[in-house]
Amino acid sequence: MLVGPSGAGKSTWAAAHFRAAEVVSSDALRAVVGSGEHDLDASGDAFSLLDQVVAARLGRRLTVVVDTLGLDHARRADYLERGRSNGMPCVAVLFETPGAVCRERNSGRDRPVPSRVLGQQLAAMDSARSALASEGWDEVVTVTVEDQERDRAGAGTRVEPARRSRADGAGPEVVLQVSRFPWGQDPAGWLRSVALAAVEAGFGGIALMDHLIQIPQVDRAWEPIPEPWVTLGMLAGLGTELRLGTLVSPVTFRPAGVTAKAVATLDVLCGGRAFVGLGAGWWEREHLAFGVPFPPASRRLDLLEQSIETMRALWATGTKAYTGERVSLPETTAYPRPLGRPQVVVGGSGEVRTLRIAARQGDACNLPSDLDTVRHKAAVLAGHCEAAGRDPAEVAVTVLDVPVLGRDRDDTCRRVERLRGRTDAATYARRHHAGEAHQHARRYRELADHGVSTVFLALPDLEGPDDLERAAALLREL
Ligand code: CTP
Ligand code: MG
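Residues numbered from 1 in each chain as written. Chains lettered and ligands numbered in written order. Predicted model: local features only at pLDDT ≥ 70, side-chain atom pairs only at ≥ 80, totals over all residues. Heavy atoms only, no water.

Under an unreviewed UniProt entry, the name given to the protein is Luciferase-like domain-containing protein, and the source organism is Pedococcus ginsenosidimutans.

See below:
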């Protein structure tokens, strides 16, 4: 809700900060239903149209900027109520442009507002200013002439402060999770260019999704989804400093000892930077199609426990017989041994068993990235650690984030439209934290403040190396 007299700079500010479709202006609607922006006879029609547009956009939980004088308390109360009833945050933007500046700008316009009218508007500002504080807005933002000058200079056009405050901590490590492979006619070239762009962008590693058929959440079933350990071997050959691994490998796919062998091999090929995400598996279809058994969930979770134990036994030094809690092996002759100690990331956030497995046997868990979930699940994990007598600091909290990341507001909206399918735009945007680099960076710092050490970032619209420029902008802001 914009509030300010004529010439205060409301429309100019709105155009600098919002998409044209997000701004609904009484002047513009006068021109739609009347003879022009200044056709005062058309005001009634213009405002009823404005009310309809506001109601329709709020009903879809879409941003709407009301560009009117905003000096009328009853109108403001009405829009505020509508926003509230649709569960939208409501912000008033108060233009503290000095009267002299408004008058000067006004006199320079084609059709100036009569001086007496402008005087009345300026007088109404005093009561609006004091009323706004008690009307119940989530926030009252003040725009000064200096703010407007900065907009004109092309800098600082962000509504939200972008820079980190002192209270914010450092950012987390960010690993690129690749879940789609639109590599056209040149798979190896595509992979190489994406990996090198990831290095350039500042990623700490690459994680590959491990599925036998492309999953519906990502793309169509006939799109390519390569075997990850083969693919990671090729990436290891690039000689970068990226950490390399899967997120996540279902334990149903390969006998644990064979995965241990793959991880150890990768680890020696990439200089001790291998990690492995492990999960219980969930998608029956790919198991059936590939002739891989798909036991019930409780059995798969047992298998997850046994797998981690087997892998650790085969990675340890010595070739003696191994007898553990769940697994016995007649010998542990497994060469090459990994160079380092490959990190085991337990995927899934089931609170009763999966997080307990992570707490007892994992080096890390992997959670969805919304802050409320992270807060809650991390507490559950810590509880399991305590029960198991393990220091919670030994189990890293990582998240998988699938953000819509736009270059600017327009670009972000276009991407949401392209990706959302049948989900409504506001829901899709919220679910995928749609925004620009600085907004995601702030979110990542907040996650780090809540104990997240690594964000696995998957771009839902990754087409090739050029897309990582957007991610680079995010990483620069961390
Ligand atoms: N203007 C300016 N410098 C700014 C902002 C605005 O010179 N930083 C000028 C605009 O070019 C315009 C006039 O001031 O000629 C009024 O700006 P506008 O954004 O149209 O003001 P509004 O508050 O929208 O005025 P109204 O209520 O009359 O629509
Ligand atoms: Mg205007």
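Having seen the model, we can carry on.
A separate point is the sheet that holds strand 4 (residues 91-95). The sheet built from three strands is open, its strands ordered 1-4-5 with parallel pairing. Each edge of the open sheet is held by one strand with a lone partner, namely strand 1 (2-3) and strand 5 (139-143). Across two bridges, strand 1 lies against strand 4 in parallel orientation. Bridge pairing in strand 4 links Leu2 to Val93. Together, strand 1, strand 4 and strand 5 form the strand contacts of helix 6 (residues 115-135), whose direction differs from that of strand 4 by roughly 150 degrees. (Pairing = 2+ DSSP bridges. Helix = DSSP H or I, 4+ residues; strand = E, 2+ residues; numbered from the N terminus. Contact = heavy atoms within 4.5 Å. Axes fitted to C-alpha atoms, helices over the stretch in contact; angles between N-to-C directions.)

The subject of this paragraph is the packing of aromatic side chains. Enumeration according to the criterion identifies six aromatic pairs in this entry. Geometrically, the ring pair formed by Trp13 and Phe18 is tilted, given 5.9 Å between the ring centres and 55 degrees between the ring planes. Neither Trp13 nor Phe18 differs from the other in exposure class; each is buried. Arranged with centres 5.9 Å apart and planes meeting at 55 degrees, the rings of Phe181 and Trp183 form a pair that is tilted. An aromatic cluster is built from Trp13, Phe18 and Phe95, whose rings are joined through pairwise contacts. Geometry around Tyr335 places Arg337 over its ring, the cationic atom sitting 4.6 Å from the centre. (Phe/Tyr/Trp six-rings, centres within 6.5 Å; stacked < 30°, edge-to-face > 60°. Buried < 20%, exposed > 50% of the residue type's maximum accessible area, 1.4 Å probe, protein only. Lys NZ or Arg CZ within 6 Å of the ring centre and 35° of its normal.)

Within the largest apolar cluster, 80 residues are counted, with the highest numbers of intra-cluster contacts made by Phe203, Ile206, Leu244, Leu381 and Leu468. When neighbours within four sequence positions are excluded, Leu244 is seen to be in contact with Ile206, Leu232, Leu235, Ala236, Leu266, Cys270, Arg273, Ala274 and Phe275. Formed by 21 residues, the second largest nonpolar core is a distinct cluster that contains Val24, Ala46, Ala92 and Leu132. (Core = buried A, V, L, I, M, F, W, Y, C linked by side-chain atoms within 4.5 Å.)

Before going further, it helps to examine the UniProt feature "domain: Luciferase-like" (unreviewed entry) in the protein. Following the UniProt record, the feature "domain: Luciferase-like" (unreviewed entry) maps to residues 190-450 here. For residues 190-450, the helix share is 44%, the strand share is 16%, and the end-to-end C-alpha distance is 36 Å. (UniProt positions renumbered as here; feature names shortened; annotations may be inferred.)

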